[in-house]
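Coordinate analysis (summary)
Okay, here's what each chain looks like letter by letter:
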Amino acid sequence: VGTESEQGVRQSGMMVQLKLLPIEALSIEEREGLIFLREEEKLARDVYNYLHEYYNLNVFTNIPKSEQQHMDAVKFLLDRYEINDPTEGKASGEFNNIELQDLYDNLVIKGKENEVEALKVGAFIEEVDIRDLINELDERVDNQDIEFVYNNLLKGSKNHLRAFTGVLKTYGILYSPVILEQDFYNGIIK
């Protein structure tokens, strides 16, 4: 049976591999990163669920489920390292981190404008996730289990970015990256 986070991680196929990885000493930076990324994944899920109420697009139906799996994977690590969950007791669209709260508030306003803007919001969120995960992996993380989860989240975010930009193409819109370098972005969506 297991905890809720274990069930979510099991559904995403990561549990067996995660349990084989050692529990290592946790740096302050790794701890802060886990707390931040748990909320950042919640932001993605909550924005997409919110926009699904406005637009009946498959990306706003399917991707929030994947974001929940991302949240579950980070929650598994929070539980593993006995870190309090920053999302516990928080309603949809509610965050401890003020910057994430402001970002959420601004993105849902932008996304309500029309379907194209909503899809651009989705692509932007995935750019933010990719940037933040790469920064964590390159500069702050050395624990094997955290690297494993973050690399899986990175793959998922790249897939989501491709999904949002692919739907934008059906509207005749070629998305231009806001955060990522153009060449790096091109390598993701090729």
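See the structure shown above.
For the structure given in this document, a descriptive report is provided here. Once a new chain begins, its residue numbering starts again from 1 and follows that chain's sequence as written. The predicted nature of this model means local features are confined to residues of pLDDT at least 70 and side-chain atom pairs, given and counted, to a pLDDT of 80 or more, with totals for whole chains, interfaces and linings taken over all residues. As a rule here, side-chain values cover all heavy atoms of the structure and leave hydrogens and water aside.

**Observations regarding the overall build of the chain**
- By definition, any uninterrupted DSSP run of H or I lasting at least four residues is a helix, any uninterrupted run of E lasting at least two residues is a strand, and each is numbered from the N terminus. Across its full length, the chain carries 8 helices and 0 strands.
- The N-to-C order of helical and strand elements in the chain reads α-α-α-α-α-α-α-α.
- In terms of overall dimensions, the chain has a C-alpha envelope of 50 × 35 × 30 Å along the principal axes.
- The burial tally for the chain puts 49% of its 190 residues in the buried class.
- Pairs at least 24 residues apart make up 79% of the contacts formed inside the chain by residues separated by at least 6 positions.
- In short, Shrake-Rupley with a 1.4 Å probe defines the accessible areas, and a residue's cover is counted only from the protein chains shown. Accessible surface computed for the chain: about 9,400 Å², of which carbon and sulfur atoms make up 48%.
- The charged-residue count follows a simple rule in which Lys and Arg add positive charge and Asp and Glu add negative charge, with His and chain termini not counted at all. Positions of charges follow a simple convention, taking NZ of Lys, CZ of Arg, CG of Asp or CD of Glu. In the chain, 20 side chains carry a positive charge and 36 a negative one; their mean positions are 5 Å apart. Only protein chains enter the accessibility calculation, which uses a 1.4 Å probe. A residue is then buried if its area is under 20% of the maximum for its type, exposed if over 50%, and partly exposed in between. The contact rule is simple, with two residues in contact once any of their heavy atoms fall within 4.5 Å.

**Focus on unusual backbone geometry**
- Even without glycine at this site, Glu 82 takes up a positive phi of about 55 degrees.
- Turning to its location among the elements, Glu 82 is positioned in the loop between helix H4 (59-80) and helix H5 (98-111).

**Observations concerning the side chain of Arg 80**
- In this fold, Arg 80 is placed in helix H4.
- Here a polar contact means two N or O atoms within 3.5 Å. Within protein one must be a hydrogen donor candidate and the other an acceptor candidate, and residues neighboring in sequence count only if both atoms are side-chain atoms. At 2.7 Å, the side chain of Arg 80 and the backbone oxygen of Leu 21 are in polar contact.
- Those residues in contact with Arg 80 that lie beyond four places of it in its chain are Leu 18, Lys 19, Leu 21, Pro 22, Ile 23 and Asp 145.

**Quick look at the packing of aromatic side chains**
- Working definition: a ring pair exists when centres of Phe, Tyr or Trp rings (six-membered ring for Trp) sit within 6.5 Å. Plane angles under 30 degrees give stacked, over 60 give edge-to-face, the rest tilted. Across all of its chains, the model carries 7 aromatic pairs by this definition.
- Relative to Tyr 55, the ring of Tyr 54 has its centre 6.2 Å away and its plane inclined at 45 degrees; by these criteria the two rings are tilted.
- Tyr 54 sits in the partly exposed class, given a relative accessible area of 43%.
- On the basis of relative accessibility, which here comes to 9%, the residue Tyr 55 falls in the buried class.
- Look at Tyr 175 and Tyr 185: their rings are 6.0 Å apart centre to centre, the planes differ by 55 degrees, and that puts the pair in the tilted class. With a gap of 10 residues between them, Tyr 175 in the loop between helix H7 (144-170) and helix H8 (182-189) and Tyr 185 in helix H8 connect regions that are remote in the sequence. Just as Tyr 175 is buried, Tyr 185 falls in that class too.
- Linked through ring pairs, Tyr 48, Phe 60 and Phe 164 together constitute an aromatic cluster.
- Above the plane of the ring of Phe 95 lies Lys 42, whose end atom (NZ or CZ) is 4.5 Å from the centre. Here, over-ring charges are defined by two tests on the NZ atom of lysine or the CZ atom of arginine: distance to the ring centre within 6 Å, and angle to the ring normal within 35 degrees.

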